[in-house]
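# Results of the structural survey
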Amino acid sequence: MMEGGQMSIWRIIVLSCLTVLVLSGCAISIDEPNPQAEPEGEHAGTEQDMKQDEQQTENEEKTSKNVLTQIFEHFFEPSPEDLRKIDNNNAKQLHYLALGDSLTAGVGDEYSKDGYVGRLTDSIKAWPSISEVEVDNRGKRGRRSDQLLKLVEKGHYDEELQKAQFISITMGGNDVMKIVKHDLFNLKRNAFDKELRAYKKRYSKIIEGIREKNSTVPLLLIGFYNPFSIVTNEANEFDSIITEWNKVIEDIAKKDKNACYVSVEDLFDSNKELVYHTDFFHPNAKGYDKMNERILKAMEKCNMEQKINKEIGYEE
């Protein structure tokens, strides 16, 4: 304590001395009236000289202010190292729960970085408020909304939901694929519209079930895409079906002040940028990179960092 106090005193002493030196270097001039009248021809020259003197004085004042500002910043502003120490001391652990299907499971990621979940985790770790991220990834290949709803309603995730400080969900692709597989050779729009109404009810109940266990946790609701778009370059009716299903997720997110919707539909409307895995259904590593970029942009727009900081009790 004494050592810190002595350092503060020395800073004040040094600052005072430097301030006096800077101020003493400032030219302060007072124009005194000339008792002798100036000749009429020299009047214009005198005015010009006065303007030059005023400009010089103004420049000197600016220089003095800049020097003083630098002095204050040097002695009183915390250094980047000090700021890092403050952030590290205040940083909190984040409990991240990932729910959903194969997108959450990271299927197709040839680099085995856990798809968008692993990439998003790395991005969040870079926040000054986060010391570490504890990830609980419950994504499962082939999972549908009716299956996730049963798990939530039966209390399978009660402990995880109560502990979670951030939750992401991908859900819907397998609901659509169930219809495709069932009526592969006789697909009708009515079948998708009917299932969409049921899907909306299930998705809403999933969110309600989460909120019963955790009323404030920030939710990241991620849409899905049409994998059949790479089969043909022409727009097909399936595109509009996927758009309508994603609209359901978006509308549900809008009703929850702590939820954020992420659209990824356009990221996979072709394979020109080689974003698909060799199965031409799931994203590859590059596809998951693009997903994470889109997620981060959406989170910034939704102020998710601030919401998560509030959830973990981080104070700047």
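Here, every reference points to the structure presented above.
Attention here is on the structure that accompanies the text. (Residues numbered from 1 in each chain as written. Predicted model: local features only at pLDDT ≥ 70, side-chain atom pairs only at ≥ 80, totals over all residues. Heavy atoms only, no water.)

## As for the overall build of the protein
A tally of regular secondary structure across the protein gives twelve helices and five strands. Taken across its 316 residues, the protein has 37% of its residues classed as buried. Contacts spanning at least 24 positions in sequence make up 78% of the contacts within the protein whose residues lie at least 6 apart. Surface exposure of the protein reaches about 19,500 Å², of which carbon and sulfur atoms provide 51%. (Helix = DSSP H or I, 4+ residues; strand = E, 2+ residues; numbered from the N terminus. Buried < 20%, exposed > 50% of the residue type's maximum accessible area, 1.4 Å probe, protein only. Contact = heavy atoms within 4.5 Å. Areas by Shrake-Rupley, 256 points an atom, 1.4 Å probe, with all protein chains shown as cover.)

## Structural notes on the sheet that holds strand β4 (residues 219-222)
If you trace the five strands from one edge of the open sheet to the other, you get β2-β1-β3-β4-β5, paired in parallel fashion. At either end of the open sheet lies a strand with only one pairing partner, and these are β2 (130-137) and β5 (259-262). Pairwise comparison of adjacent strand axes, ignoring direction, gives a mean angle of 20° for this sheet. As defined by bridge partners, strand β1 (residues 92-100) adjoins β2 across seven bridges and the pair is classed as parallel. (Pairing = 2+ DSSP bridges. Axes fitted to C-alpha atoms, helices over the stretch in contact; angles between N-to-C directions.)

## Describing the pattern of salt bridges
What the rule picks out here adds up to 17 salt bridges. Of the charged contacts, one joins Glu-134 and Lys-163 as a salt bridge, the two residues approaching to 2.9 Å between their closest N and O atoms. One end of the pair, Glu-134, is in strand β2; the other, Lys-163, is in helix α7 (residues 158-163), with 29 residues separating them in the sequence. A residue is classified by how much of its surface remains accessible, and Glu-134, at 33% relative accessible area, is partly exposed. Lys-163 sits in the partly exposed class, given a relative accessible area of 44%. A salt bridge links Asp-256 to Arg-211; its shortest N-O distance comes to 2.8 Å. Of this pair, Asp-256 sits in the loop between α10 (237-254) and β5 while Arg-211 is found in helix α9 (residues 189-213), placing the two residues 45 residues apart along the sequence. Exposure remark for Arg-211: the relative accessible area of 16% places this residue in the buried category. (Salt bridge = Lys/Arg side-chain N within 4 Å of Asp/Glu carboxyl O.)

So far we have only geometry, and geometry alone does not tell us how the molecule works.
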